[in-house]
Amino acid sequence: MQNDNTISLIEKINGLSLIWKEAEYNFPFWCNLIDEINWDEEYKKALDRVINTKNDVEYYLELCRFIILLKDDHTRINYSQKIYDLTGFFPVSFDEVDGKIYLLAKATNCEIPLLSELIAINDIPINDYLDKYIFPYCWHEIKSHAIYQMQMILPLVEYKKEVKFTTSNGEFILKATNQEQTWENAWYNMYLKEKRETLFASDNGTLHISKTFDDIAIITIPTFTNECLIEEFYSMLPELSKCKGYVIDLEWNNGGNSNYADCISQAFLEGPFLSSSDKSLMHISRYKAELGFADLSLMEEGKEKQLLLNIAKRKIFEEQNEIKTFIEKCPLTLKGPLTITMNRKTVSTGEHFLVTMDYNNRAILVGENSYGATGNPLFVNLANDISCRITTAWSTYPDGKEYVNIGVKPHVEVNTTIEDIKNGRAKALEQALEIIRSKIN
């Protein structure tokens, strides 16, 4: 049997302390939290809990509980293969649609019918269960956006236990397993019904380009993580230039490298362009020392007092504003009308791309609000395969408009319903094509 207590007490304390330290100096949003969180006191409380954890799984959960105090979904404990080798996974994945929670993916040998509504877990009404057992370890400003993380948290909080799922199709007892599973996913059944011709499909799923009967290109980019995306996309530009209009499908885009996103943006924008702006927290030790003995109540108003006030409120930033991007290697510019589809799973660099296209008035955004999490994360190794990521950049539109914890808003809102999923209807894509056709005609 695999040992579930391999992390020493020293390693546990060190891991927690690294989160405390790196967040203290690198996390950019302290000015939003300064009146509601005492980071040092929370560290002490977490330290007491960590010291008393009985195994690696409990320790992993306590790290999650500590880091979500920062209320930033891009700041989190990363997936740990060694932890999930211990716990396994339940063969189900739930998410919110139409204000209810449905089974949207499952192992093929799981008896719960796909699209069953989840009513309770272990006889606890599902919303109560989420509040008590899931949300203490994961966070999003919009709670419905965090529900998908239940698949990751559930095997941790129900470690080595059987779990009863009460659904609209009956009660089912499941236990987490490490056995390899074949999965079926309701989302994958949502396709554009009209016929289209495939122009390009990358071997690793980085890029898919198809064309409709009336010469509208549909460019699907699931991720900006692979450098090969740029070479593949640029090689298709001569063919794409023959199309009358373009839809870029960013639904489910999981982010990646913003430089790769800028390379794609350049193909639709002539000349240099502005993308999202960033600012990072600055720490100047001399100023912090001065703040320690300065009596702000006795100081006259002026630059020095304002500086110390900003230091006290963690408002001293290095800002990157009005910095234009230009990708010289981009071979040509696509000038036809453009729409972009998006949903709540469009995240990070995917949102950087949305901001660029939106701010430069190049595209009509169609679908749901994006996820609302980005910011050049710092990756920190903590203990025995466990690591974390801490946001280091406060990203906004170039004009300062916020989208972290909010999401980029579409110009045309299209919300996917449970009926759309049942009927396999890609409604946002349908609407995006309709907009392009109205502009062409």
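Refer to the preceding data block for the structure.
In what follows, the accompanying structure is described. (Residues numbered from 1 in each chain as written. Predicted model: local features only at pLDDT ≥ 70, side-chain atom pairs only at ≥ 80, totals over all residues. Heavy atoms only, no water.)

**A short note on the layout of surface pockets**
In this structure, the second largest pocket spans a volume of roughly 500 Å³. Taken together, 19 residues form the lining of the second largest pocket, with Glu24, Lys288, Ile311, Ala312 and Arg314 sitting closest to its centre. Tallying contributions element by element places helix α12 (residues 285-293) first for the lining of the second largest pocket, with 3 residues. Residue classes in the lining of the second largest pocket are distributed as 13 nonpolar, 2 polar and 4 charged. (1 Å grid on protein atoms, 1.4 Å probe; cavity = no way out; pocket = protein on both sides within 12 Å on 5 of 7 lines; lining within 4 Å. Points joined across faces, edges and corners; volume = space filled by probe spheres on them. Helix = DSSP H or I, 4+ residues; strand = E, 2+ residues; numbered from the N terminus. Nonpolar A, V, L, I, M, F, W, Y, C, P; charged D, E, K, R; others polar.)

**Observations regarding the nonpolar core**
Residues Ile77 and Phe165 are the most contacted members of the largest nonpolar core, which totals 68 residues. If one sorts the elements of this core by residue count, helix α4 (residues 56-67) sits on top with 8 residues. With 41 residues, the next largest nonpolar core counts Ile230, Leu250, Cys263 and Ile327 among its residues. (Core = buried A, V, L, I, M, F, W, Y, C linked by side-chain atoms within 4.5 Å. Buried < 20%, exposed > 50% of the residue type's maximum accessible area, 1.4 Å probe, protein only.)

**Regarding the sheet that holds strand β7 (residues 170-175)**
Across the sheet, which stays open at both edges, the 4 strands sit in the order β5-β4-β6-β7 with antiparallel pairing between neighbours. Looking along the sheet, the strands with just one partner apiece sit at the ends: β5 (124-125) and β7. Bridge count between strand β6 (residues 162-167) and β7: 6 bridges; the pairing is antiparallel. Its bridge partner being in β7, Val163 is matched across the sheet by Leu174. (Pairing = 2+ DSSP bridges.)

**A few points about the pattern of salt bridges**
Throughout the structure, instances matching the rule amount to 24 salt bridges. Two residues, Lys211 and Asp215, come together in a salt bridge whose shortest N-O distance is 3.6 Å. A residue is classified by how much of its surface remains accessible, and Lys211, at 18% relative accessible area, is buried. Notably, a salt bridge pairs Lys422 with Glu419, separated by 3.7 Å at the nearest N-O pair. One end of the pair, Lys422, and the other, Glu419, are both in helix α15 (residues 418-422), 3 residues apart, so they sit about a helical turn from each other. Residue Lys422 is classed as partly exposed on the basis of its relative accessible area, which comes to 47%. Here the residues in one salt-bridge network are Arg49, Glu62 and Arg65, joined through shared partners. (Salt bridge = Lys/Arg side-chain N within 4 Å of Asp/Glu carboxyl O.)

**Regarding the packing of α12 against helix α13 (residues 303-312)**
Where α12 contacts α13, the axes come no closer than 10 Å and their chain directions differ by 100°. Considering the angle they form, α12 stands roughly perpendicular to α13. Facing Tyr287, Glu290 and Leu291 of α12, the residues of α13 in contact are Leu307, Leu308, Ile311 and Ala312. A per-class count over the contact of α12 with α13 returns 6 nonpolar, no polar and 1 charged. (Axes fitted to C-alpha atoms, helices over the stretch in contact; angles between N-to-C directions. Parallel < 35°, antiparallel > 145°, perpendicular 65-115°, else oblique. Contact = heavy atoms within 4.5 Å.)

**Focus: helix α16 (residues 427-440)**
End to end, α16 covers 20 Å across 14 residues, agreeing with the expected 20 Å (1.5 Å per residue, within 8%). Residues of α16 that are buried: Ala428, Leu429, Ala432, Leu433, Ile435, Ile436 and Arg437. (Expected span 1.5 Å × (residues − 1).)

**Things to note about helix α3 (residues 39-51)**
The end-to-end C-alpha distance of α3, which contains 13 residues, comes to 18 Å, matching closely the 18 Å that a straight helix rising 1.5 Å per residue would cover. Of all the residues in α3, the buried ones are Trp39, Glu42, Tyr43, Ala46 and Val50. End-on view of α3: buried residues confined to an arc of 105°, all on one side of the axis. Summarising the geometry of α3, the exposed residues directed more than 90 degrees from the buried face are Lys44 and Asp48. (Arc of directions from axis to C-beta.)

**Focus on the pairing of strand β9 (residues 196-201)**
With 5 bridges connecting them, β9 and strand β10 (residues 208-212) associate as antiparallel partners. By the bridge assignment, Glu197 is partnered in β10 with Lys211. Connecting the antiparallel pair β9 and β10 is a turn made up of 6 residues, with Gly205 showing a positive phi of about 80°.

**Quick notes on empty space enclosed by the protein**
Throughout the structure, instances matching the rule amount to 1 cavity of 30 Å³ or more. Each pocket or cavity is described by its volume, and for the largest cavity that value is around 40 Å³. In terms of lining residues, the largest cavity is bounded by Phe90, Val92, Ser93, Phe94, Met150, Gln151, Leu154 and Pro155. Going through the elements one at a time, β2 (92-97) and α8 (150-157) are the ones with two or more residues in the lining of the largest cavity. Take the lining of the largest cavity: its biggest share by element is 4 residues, from α8.

**Comments concerning the environment of Trp39**
As for its placement among the helices and strands, Trp39 is situated in helix α3. With relative accessibility at 4%, the residue Trp39 sits in the buried group. When the C-alpha atoms of Trp39 and Leu69 are compared, they prove to be 8.8 Å apart, with 30 residues separating the residues in sequence. Aside from chain neighbours lying at most four places away, what touches Trp39 is Ile19, Trp20, Ala23, Glu24, Trp30, Phe66, Leu69 and Leu70.

**Things to note about the side chain of Lys345**
Of note, Lys345 is situated in the loop between β15 (338-342) and α14 (349-359). For Lys345, the side chain forms a polar contact with the side chain of Asp95, separated by 2.7 Å. (Polar contact = N/O pair within 3.5 Å; in protein donor to acceptor, adjacent residues only side chain to side chain.)

**Observations regarding the packing of aromatic side chains**
Scanning the model with the defined rule gives 21 aromatic pairs in all. Ring centres 4.7 Å apart and planes at 5° place the aromatic pair Tyr84 and Phe89 in the stacked group. Put simply, the rings of Phe27, Phe29, Trp30, Trp39, Phe66, Phe317 and Trp394 touch in pairs and so form one group of aromatic residues. The ring of Phe317 has Lys279 lying over it, and the distance from NZ or CZ to the ring centre is 4.7 Å. One Lys or Arg, Lys401, reaches over the ring of Tyr397 and ends 4.8 Å from the middle of that ring. (Phe/Tyr/Trp six-rings, centres within 6.5 Å; stacked < 30°, edge-to-face > 60°. Lys NZ or Arg CZ within 6 Å of the ring centre and 35° of its normal.)

**Quick notes on the sheet that holds strand β1 (residues 76-77)**
By definition, the strands of a sheet pair up through backbone hydrogen bonds, in either a parallel or an antiparallel sense. One open sheet holds the 3 strands; their spatial order is β1-β18-β17, and the pairing between them is antiparallel. Unpaired on one side and paired on the other, β1 and β17 (377-383) mark the two borders of the sheet. Pairing of β1 with strand β18 (residues 386-391), which is carried by 2 bridges, proceeds in the antiparallel orientation. Counted as the bridge partner of Arg76 is Arg389 from β18. Here helix α1 (residues 9-26) sits on the sheet in contact with β1, β17 and β18, set at roughly 165° to β17.

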